[in-house]
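Descriptive structure summary
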Amino acid sequence: MILSLAACGDDGGREGSIFTDDSGATTLDTSMSDETAEGDGAEDPGEGDGEGDSGEGADAPGDGDGDGEGDGDDGPLFDIGGQEAGDDGVPMDEQCANVDVLYIIDNSPSMYEEQQTLIANFGNFVADMQSALDGVNSYHIGVITSDDYQDDGWIDDGDDTVNAEVPECQHLGGLVVQAHSGLCTPFVGGDNFITEADDLGTKFECIANVGEDGDSDEYMGDALITLLAEGQQDVGCNANFIRDDAMLIIVMLTDENDSSDSDEDEWFQAVVDAKGTEENVVVLSLIWDGSFNNCDNAFSETDGYTIEAFTEMFTNHAVGNICDDSYAGFFADAIPTIDSACDNFEPIE
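First things first, this report covers the structure right here in the doc.

So, how was this worked out
- Residues numbered from 1 in each chain as written.
- Predicted model: local features only at pLDDT ≥ 70, side-chain atom pairs only at ≥ 80, totals over all residues.
- Heavy atoms only, no water.
- Buried < 20%, exposed > 50% of the residue type's maximum accessible area, 1.4 Å probe, protein only.
- Helix = DSSP H or I, 4+ residues; strand = E, 2+ residues; numbered from the N terminus.
- Pairing = 2+ DSSP bridges.
- Right-handed = clockwise from strand over helix to strand, strands pointing away.
- Axes fitted to C-alpha atoms, helices over the stretch in contact; angles between N-to-C directions.
- Parallel < 35°, antiparallel > 145°, perpendicular 65-115°, else oblique.
- Left-handed = near helix turned anticlockwise from the far one by under 90°.
- Contact = heavy atoms within 4.5 Å.
- Nonpolar A, V, L, I, M, F, W, Y, C, P; charged D, E, K, R; others polar.
- Polar contact = N/O pair within 3.5 Å; in protein donor to acceptor, adjacent residues only side chain to side chain.
- Salt bridge = Lys/Arg side-chain N within 4 Å of Asp/Glu carboxyl O.

Another aspect to go through is the pairing of strand S1 (residues 98-105). In terms of burial, S1 is largely enclosed, as eight of its eight residues are buried. By the alternation rule, side chains of S1 split into Asn98, Asp100, Leu102 and Ile104 and Val99, Val101, Tyr103 and Ile105, which are all buried. Where S1 and strand S2 (residues 138-145) come together, eight bridges link them in parallel fashion. Directly across from Asp100, in S2, lies its bridge partner His140. Taken together, S1, helix H2 (residues 112-132) and S2 constitute a β-α-β crossover, and its handedness is right-handed. Relative to strand S6 (residues 246-253), S1 is paired through eight bridges, and the arrangement is parallel. The partner of Leu102 across the bridge, within S6, is Ile250.

Contact geometry for H2 and helix H7 (residues 328-343): axes closest at 10 Å, N-to-C directions at 25 degrees. Here H2 is positioned roughly parallel relative to H7, judged by the angle of their axes. Once H2 is placed against H7, the crossing between them reads as right-handed. From H2, Leu118, Asn121, Phe125, Asp128, Met129 and Ala132 reach across to H7, where they touch Ala328, Phe331, Ile335, Ile338 and Asp339. Residues that form the contact of H2 with H7 fall into these classes: eight nonpolar, one polar and two charged.

The next subject is the environment of Asp255. Among the secondary structure elements, Asp255 is positioned in the loop between S6 and helix H5 (264-275). Under the relative-accessibility criterion, Asp255 is labelled buried at 0%. Measuring from C-alpha to C-alpha, the distance between Asp255 and Cys323 comes to 8.2 Å, with 68 residues separating the pair along the chain. For Asp255, the side chain forms a polar contact with the side chain of Ser110, separated by 2.5 Å.

For strand S7 (residues 281-287), the tally of buried residues reaches seven of seven residues, placing the bulk of the element in the interior. Neither face of S7 is exposed, since Val281, Val283, Ser285 and Ile287 on one face and Val282, Leu284 and Leu286 on the opposite face are all buried. With H5 bridging S6 and the parallel S7, this β-α-β connection has right-handed handedness.

Below, the discussion takes up the sheet that holds S6. On the basis of which strands lie adjacent, the open sheet formed by six strands has the order S5-S2-S1-S6-S7-S8 and mixed pairing. Edge strands, defined here as strands with exactly one partner in the open sheet, are strand S5 (194-195) and strand S8 (316-321). Inspection of the sheet shows S2 paired to S5 by two bridges, in the antiparallel sense. Each bridged residue has a counterpart across the sheet, and for His140 the counterpart in S5 is Thr195.

Attention now moves to unusual backbone geometry. At the junction of Thr185 and Pro186, the peptide bond is cis and its omega measures out at 5 degrees in the coordinates. Positive phi, normally seen in glycine, also occurs at Asn163, with a value near 60 degrees. Relative to the helices and strands, Asn163 is located in the loop between S2 and strand S3 (178-179). Phi is positive for Asn240, which is not a glycine, with a value near 70 degrees. Checked against the element boundaries, Asn240 lands in the loop between helix H4 (220-231) and S6.

What follows concerns the packing of H4 against H5. Across the interface, H4 lies against H5 with an axial gap of 9 Å and an inter-helix angle of 20 degrees. Relative to H5, H4 is oriented roughly parallel. Crossing handedness for the pair H4 and H5: left-handed. For the pair formed by H4 and H5, the contact residues are Gly221, Asp222, Leu224, Ile225 and Leu228 on the first element and Glu266, Trp267, Ala270, Val271 and Ala274 on the second. Residues of the contact of H4 with H5, tallied by class, amount to seven nonpolar, one polar and two charged.

In this section: the pattern of salt bridges. With the rule as written, the count across this model stands at one salt bridge. Its salt-bridge partner being Arg243, residue Asp100 comes within 2.8 Å of it at the nearest N-O pair. Remark: Arg243 occurs in the loop between H4 and S6 and Asp100 occurs in strand S1; sequence separation between them is 143 residues. On the basis of relative accessible area, Asp100 is assigned to the buried category, the value being 0%.

By themselves these figures say nothing about function.
Written out as structure tokens, the structure reads:
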């Protein structure tokens with residue numbers, strides 16, 4: 001099975017991704033849309049430095065000459081099936097075969113730059129994750145927001161841009177199918193989320209660009225609980241997103257603490273109920289903390305201590321700094337944790 005990943009934004013200064021050339025452009029799919037190509041400043045993936053150094057301690061999967069001539073031999077053809085064992089020596093049938101990736105993105109005022117940083121780093125993260133999880137043959141990737149779509153908040157609460165034309169999905173925890181770039185559908189799989197059959201970079205840029213029109217009180221935890229419940233059903237906006245036989249990766253992005261009616265213990269229990277065990281889940285959270293030297297935002301009044309506490313309940317977790325100019329290092333450091341979780345995944349009986 002071939003996954004298509006178009007370059008989307010720059011890589012935030014990261015070097016040496018195993019699926020990029022020296023310009024930072026992804027090599028999984030060199031046929032970007034005009035809109036994407038104009039916005040990311042990436043060079044032609046065929047213009048490598050000729051030294052075959054496309055990864056840290058990893059050989060490029062092309063013909064090995066590193067000539068960067070784009071002859072069809074250099075650069076990966078990302079076929080994720082047909083091998084007997086993963087790079088870590090674990091037999092394929094003992095690794096997770098499916099992965100569901102849920103992004104919970106704060107769309108309150110002040111979040112524009114952070115969303116763009118997330119989008120810019122998406123390509124490298126997914127490419128490196130796919131390389132590490134070479135036994136996985138199916139991905140679900142979706143976005144929900146922190147907005148409760150009610151007019152009882154503070155700034156910009158009445159401008160419900162996300163899912164405005166899709167009432168089925170315009171509720172707390174509904175998968176994003178329309179954002180500031182317009183409708184992101186259709187997705188190849190026919191559901192309201194991205195799969196490996198989609199142009200990942202272009203589609204993710206669309207669903208992750210949720211803007212700042214959401215409620216100024218963030219409801220990340222409540223949104224997660226709703227998504228988990230609805231995502232296991234076969235009808236509705238979130239139908240079929242959560243699979244019993246898939247490892248779940250939750251990525252949380254917020255610059256303030258949570259305002260949900262539920263608490264972190266309830267979020268944790270909802271995840272365990274959905275996945276059988278917390279070890280079938282990876283939680284990666286980028287939060288704001290006043291102690292971070294580079295964090296200075298008048299709209300971020302409280303540290304994300306609730307999100308941090310929830311994240312640290314999981315064996316497989318990482319907490320990072322949302323104020324960083326790039327998230328490349330954070331996501332790169334999370335790859336071994338994701339790989340280990342996949343190796344130890346136990347499908348729900």
